[in-house]
Amino acid sequence: MELDLEKQKYCRTHLILGGARSGKTKFAQNLALKLSKDCKRLPIYIATGQALDPEMEERIRIHKTDRGEDFKTKECPLNLSDPLLSASSKDIMLIDCLTLFVSNLLCAENFDEDQITSFLNAIKLTKAQLIIISNETGMGIVPDNKLTRDFRDISGNLNQKVAQIADEVTLMVAGIPVQIKN
């Protein structure tokens, strides 16, 4: 699927969903880079991942290497609203990803649902153009423990709310973008 860049320029919020290794990040990064060429500014990569173990540390290192110098990176594992509210109308922001954000909140000392509410409000208020990545968590089996069920439920509800706000929603399947909302 080729992106209509002219149409994308007027899309304020684009949600990109999919399973693990479905091509979400690559698709989102390419979109952000194409959109940023006109404004001659680096897109802002909002990273939610935390290097809490050596394996995740390596994943983050690879992501940073793959991005190179093409993005300005802000690490925001627990608060996504502040960078959105401080953005300008010329900013293109790529948030990667909502499911790590939810996981971070659930594993924090105290789960702060206000961070989710603040984020949803910030999506509506930001002047920036947003590309938001999230995993589709509702296509698997019912998890066998409370924490995992909470994660699935909170992530699924957040995805639904962001999709309602978003101008466009794309589902990535095996590297192929499928337009869900346009």
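Read on for a plain summary of the structure. On a predicted model such as this, the values are computed, not experimentally measured, just so you know.

### Here we look at the nonpolar core
Here's step 1: One finds Phe 119, Ile 132, Leu 158 and Val 162 to be the most contacted residues of the largest nonpolar core, which totals 29 residues.
Here's step 2: Setting aside its immediate chain neighbours within four residues, Leu 158 contacts Leu 98, Phe 101, Val 102, Ile 116, Phe 119 and Leu 120.
Here's step 3: Among the nonpolar cores identified, the runner-up in size contains 15 residues, and Ala 28, Leu 31, Phe 71 and Cys 97 belong to it.

### Quick notes on the environment of Ile 131
Here's step 1: Along the chain, Ile 131 falls in strand 5 (residues 129–135).
Here's step 2: Residue Ile 131 is classed as buried on the basis of its relative accessible area, which comes to 1%.
Here's step 3: On a C-alpha basis, the gap between Ile 131 and Arg 61 in space is 21 Å, while along the polypeptide they are 70 residues apart.
Here's step 4: Once you skip the residues sitting within four places of it in the chain, Ile 131 turns out to touch His 14, Ile 16, Ala 28, Leu 31, Ala 32, Leu 35, Ile 92, Met 93, Leu 94 and Ile 95.

### Some details on the pattern of salt bridges
Here's step 1: Enumeration according to the criterion identifies 6 salt bridges in this entry.
Here's step 2: Among the ionic pairs, Asp 91 bridges to Arg 41, the shortest N-O distance being 3.2 Å. Taken together, the residues Asp 91 in the loop between helix 4 (81–85) and strand 4 (92–96) and Arg 41 in the loop between helix 2 (24–39) and strand 2 (44–47) connect sequence positions 50 residues apart.
Here's step 3: A relative accessible area of 8% places Asp 91 in the buried class.
Here's step 4: Here Arg 41 falls in the partly exposed class, since its relative accessible area comes to 35%.
Here's step 5: Notably, a salt bridge pairs Asp 150 with Lys 146, separated by 2.8 Å at the nearest N-O pair. With a gap of 4 residues between them, Asp 150 and Lys 146 both fall in helix 7 (residues 146–165), about one helical turn apart.
Here's step 6: Assessed through its relative accessible area of 26%, Asp 150 is described here as partly exposed.
Here's step 7: Using a relative accessible area of 54% as the deciding quantity, one classes Lys 146 as exposed.

### Quick word on the layout of surface pockets
Here's step 1: What the largest pocket holds in volume is close to 830 Å³.
Here's step 2: Contributing to the lining of the largest pocket are 33 residues, with Arg 21, Thr 25, His 63, Asp 96 and Leu 100 lying nearest its centre.
Here's step 3: The set of elements that each furnish at least two residues to the lining of the largest pocket consists of helix 2, strand 2, helix 3 (54–67), strand 3 (72–75), helix 5 (98–107) and strand 5.
Here's step 4: Here the lining of the largest pocket takes 8 residues from helix 3, the largest share from any one element.
Here's step 5: Taken together, the residues of the lining of the largest pocket break down into 10 nonpolar, 13 polar and 10 charged.
Here's step 6: Here the second largest pocket defines a volume of roughly 190 Å³.
Here's step 7: Considering the residues around the second largest pocket, the lining is formed by Gln 50, Leu 52, Asp 53, Met 56, Leu 78, Leu 100, Ser 103, Asn 104, Cys 107 and Ala 108.
Here's step 8: It is helix 5 that contributes the most residues to the lining of the second largest pocket, 4 residues altogether.
Here's step 9: Residues of the lining of the second largest pocket, tallied by class, amount to 6 nonpolar, 3 polar and 1 charged.

Procedures and definitions
Residues numbered from 1 in each chain as written. Predicted model: local features only at pLDDT ≥ 70, side-chain atom pairs only at ≥ 80, totals over all residues. Heavy atoms only, no water. Core = buried A, V, L, I, M, F, W, Y, C linked by side-chain atoms within 4.5 Å. Buried < 20%, exposed > 50% of the residue type's maximum accessible area, 1.4 Å probe, protein only. Contact = heavy atoms within 4.5 Å. Helix = DSSP H or I, 4+ residues; strand = E, 2+ residues; numbered from the N terminus. Salt bridge = Lys/Arg side-chain N within 4 Å of Asp/Glu carboxyl O. 1 Å grid on protein atoms, 1.4 Å probe; cavity = no way out; pocket = protein on both sides within 12 Å on 5 of 7 lines; lining within 4 Å. Points joined across faces, edges and corners; volume = space filled by probe spheres on them. Nonpolar A, V, L, I, M, F, W, Y, C, P; charged D, E, K, R; others polar.

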